[in-house]
Each structure stands twice: as structure tokens, then as C-alpha cells.
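Next come the chains, spelled out residue by residue.
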Amino acid sequence: MKHLPKHLRARWRYLAVGIETWPDADVDRAAFQREVWYAAQDLYGDVGSAEADLTVVEFDLTEGDGEAIVRAHRGAEERARAAVACLAAVDGHSVGVRVRGISGTMRACSERYLNGGTRGGKQRDVVFENEPSPAVVRGTRFDVDAGDGFVGATRLDFE
Amino acid sequence: MYEAVYAHPDGDSTAARFAVTADRDGYDGVIVRAVDAHPDHDRLRESLPTDLVDAAEVVAPDPQHASGAVGNARTERTVVCVRGGTDALNRFAVEQPRVDVLSKPFVGDGRGDHRRGGGSGDVDHVLAKAARDNGVHIEVNLGPALRGRGGSRVRHLKRLRRLHRIVDHYDTPYVVSATAESHLQLRAPRELAAVGEEIGLGEEWTRRGLDAWGDLVERNRTRLSESFIAPGVERGRYEEDDRGAR
């Protein structure tokens, strides 16, 4: 099919989304995309979803730390932001999301808001509430495996 | 802007982790509404990028049990919340000037019999007026709107819209919160405002609800400070001058 003339092409906005999960979460692009669609559909229905047309164009997640670019129609940025905020879990894994910023091109979006790849954390043994437990450490953030699920902590909690 | 959270062991993240995440989201601080949690506020506050406020959330099965707990919490904490959920508890909370916030006024599934005080609670014009007269903030709980699904979410949204209408009409003080139980459930102010707009509460209205936490903290800290004697009466810088004149 021929390209549309420029003035008839869709205008996009790109949302840079920071993602955080527990270190054991196994989430891929397809699952994240599905959940974004569901969130949009649950929040504003089929018509609104078609209007915003949310697509995950980039996705990267390693051991609980990641980022994505979500594309939305221009003018539907705030609706897209609301749908992204309503992402609570993907495949049963809790996810924390925050919109870092919005750009008009993918290149500007990734240059300005993405860190260029994610790094896994370091395994360490810590003593949390008098119990020795393994933890995944990333900077000052500690995700402690307390046996019955993870607990989010920081370095301050171990001083 | 402040956000009120449930820190470990009430939730899955420690107060410090909440504070670090909230800082990245653009909040000025977090209010640790402790049911069982007891973080070392003074030590943490010194090393954290954001403010940390000690608060208590009183969770009791009925007003009789709640009453004593509110009295204890009032003398120890900066902010005192009472978790509602039944009509009796909601009514108790809004009639107590000692209480700052009625939280989660309708946590139940909405299938109980309201008239017998069972099932889930609700907020009507009588409670809204009482809350206004006693300065009790009613919490607009966005948690189920963010994390819920299906029928229970629809029922919750319906109640939020009704609460919005009532609170607006009677000028009742209110606060907005995502009631996060882990740092993953925390959402930035702009995100909450966008959700508020989408579900019919309005962007500005939602933002004001987030600001209200900060005003509440500021007011209570002034009251707890040593220079405060009674509303309108403060120990100020003129005291020494007065003495000198006599």
C-alpha cells in the first residue's frame, strides 16, 4: 500500500515509561502490551482505546528494573497517562510504572528519558528483621526475599 | 504534595523505600499511616531525600474500640486516621474533631445491608456536614480505581463520583490517596490527576486532594510545636518586649 500523504498521517506522541517490578517477575513485551490494552479498555472502553491507540514500541526489563516507550495519538497523552497509571500487574506480577516524559519523536524520547539499557542487580545476603535473607541490590535499593514474597527496602534499613 | 502509605509490616515496602520512590515521583514527602509499623522516623528523616511524617491509622471493629486508640494516637502522632468501612465507624470518625482523616470510607463489596450498620459503609450528606463542622478530611481512595477490575471497580468508581458530588456541595475537606501497600503501587501526582480526570473527579480537584495532605501535616506540626497554645494564641516574638514595658 502507498504511504498516506503527510498531512493525513497519524500524529504520535511517545511516552517514556519507567518500570519497576520485584526481581523474580518475568514480563515480556507481549504481556506488557496486552496489559496496556486491557487497562485502556477497562478505563475508557473500545472507542477510547481506538482513539488513543496505545502501542508498546520499545520494552526492556531486567531483574525488576526496566523502561518502555508507549506510543499514543497526539491529543490523547493524558488519557494514555491514565491508562498506564492503571497498570497494576502483568501476568500476576506487580508492576510500578511512572511516566518520565512525553516526546514527539521516538529518538527524542529515548535520548532524553531512557537510560539506554537496564542493568541487573547484585545478589547479596542481608539480615532483615533478625532473619538472614537473600536480597537483590541495585544502588541504594534493596529487594529482600523474605520467604513469603519480597520486601522493598533501602540501605538505610540495614544501618 | 504528600502521599499516605502503608509501610512494612502493614505493606510490602519499608518507609525508607517509599520515601525514595516518592522522591522520584515528585512528592515532597510520605505519611506513614501505621497500623502496626513503627519506623524510626527521626533517624530516617535525617538521611532521606523527602519528608517523613508519623501517622497512625486506627483499625477497629467498632467505635467503642476505636475511641481509646484514637486518644492514644493523638498524643503520639502527627496525623491520626480512622479506617471506616461500616456506617457506624464512618459516623464515629466524622464526629470526632480529634480525628484528621476518615480513610477508606467504603472498603467493603457493597453487598451488605447499609441500614443495619453492616456491610460496607457509605458517606451521605449528614456525614459530609458533620465532617466539615469537625474538620475531618474524608479520604478519596483511588486504590481500587488503579488496581481493581470488573464489577467491584465499577461499584467503587460509582461511589467515588457520588462522594465527589457530596464533598463538593458541602465544602467538606478531603484528601486523595492511592493507598499504596508497596512502592510498586505508588503513582506520581500527574498520573493520579490524569486518572482522576478520566474517572470524572476532575484533574484540579484530584490535585487539591493531594495538596490537602501537606496542609494537614503543616497544621498539625504547628499545633504540636511548643510555641502553640490555642488556635489564634501563640507564643511569639513580642513576649519579651511586653515584659520589658511593664
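Residues numbered from 1 in each chain as written. Chains lettered and ligands numbered in written order. Predicted model: local features only at pLDDT ≥ 70, side-chain atom pairs only at ≥ 80, totals over all residues.

Now for the environment of A93 of chain B. All names here are of chain B. Tracing the backbone shows A93 in helix α4 (residues 87–94). Here A93 falls in the buried class, since 31 other C-beta atoms lie within 10 Å of it. Counting along the chain gives 130 residues from A93 to R223, while the straight-line C-alpha distance between them is 20 Å. The contacts of A93, once residues within four sequence positions are left out, are V82, G84, V99, L102 and V136. (Helix = DSSP H or I, 4+ residues; strand = E, 2+ residues; numbered from the N terminus. Buried ≥ 20, exposed ≤ 12 C-beta atoms within 10 Å, placed from the backbone. Contact = placed C-beta atoms within 7 Å.)

As a further point, take the domain arrangement of chain A. All names here are of chain A. Here the domain parsing of chain A yields domain 1 (8–113) and domain 2 (122–158). For domain 1 and domain 2, the distance between their C-alpha centroids amounts to 29 Å. Counting residues at the interface gives 5 residues for domain 1, matched by 4 residues for domain 2. The residue inventory of the side of domain 1 that touches domain 2, partitioned by class, reads 2 nonpolar, 1 polar and 2 charged. (Domains from an automatic or database assignment. Nonpolar A, V, L, I, M, F, W, Y, C, P; charged D, E, K, R; others polar.)

Let's shift gears to the pairing of strand β3 (residues 51–58) of chain B. All names here are of chain B. Among the 8 residues of β3, 7 are classified as buried, and the element is accordingly described as predominantly covered. Pairing of strand β2 (residues 29–34) with β3, which is carried by 6 bridges, proceeds in the parallel orientation. Residue pairing for β3: V32 is matched across the bridge by D54. Handedness of the crossover joining β2 and β3 through helix α2 (residues 41–47) is recorded here as right-handed. When β3 meets strand β4 (residues 79–83), the two strands line up parallel, connected through 4 bridges. Residue pairing for β4: A55 is matched across the bridge by V79. Running through helix α3 (residues 63–76), the crossover from β3 to the neighbouring parallel element β4 is right-handed. (Pairing = 2+ DSSP bridges. Right-handed = clockwise from strand over helix to strand, strands pointing away.)

This part takes up the sheet that holds strand β7 (residues 131–138) of chain A. An order of β6-β7-β8-β9 (chain A) is seen for the 4 strands of this open sheet, with the pairing classed as antiparallel. Two strands in the sheet have a free side with no partner beyond their single neighbour: β6 (122–128) and β9 (150–154) of chain A. On average, each strand axis in the sheet is tilted by 35° relative to the strand beside it, whichever way the strands run. Looking at chain direction, β7 of chain A and strand β8 (residues 141–145) of chain A are connected through 4 bridges and run antiparallel. Following the sheet pairing, R138 of chain A is matched in β8 of chain A by R141 of chain A. On the sheet, helix α1 (residues 15–25) of chain B packs against β8 and β9 of chain A and is oriented at approximately 70° with respect to β9 of chain A. (Axes fitted to C-alpha atoms, helices over the stretch in contact; angles between N-to-C directions.)

Another aspect to go through is helix α1 (residues 29–52) of chain A. Over its 24 residues, α1 of chain A runs only 19 Å from end to end, short of the ideal 34 Å by more than 12%, given 1.5 Å per residue. Where α1 of chain A bends most, at Y44 of chain A, the angle is about 120°. Within α1 of chain A, burial applies to F32, V36, A39, A40, L43, S49 and A52 of chain A. Taken together, the buried residues of α1 of chain A touch β2 (55–62), β3 (65–73), α2 (77–85) and β4 (89–90) of chain A together with α8 (189–198) of chain B. Of the residues flanking the end of α1 of chain A, it is D53 of chain A, one or two places downstream, whose phi is positive at about 50°. (Expected span 1.5 Å × (residues − 1). Bend = angle between axes of the 7 residues up to and from the residue.)

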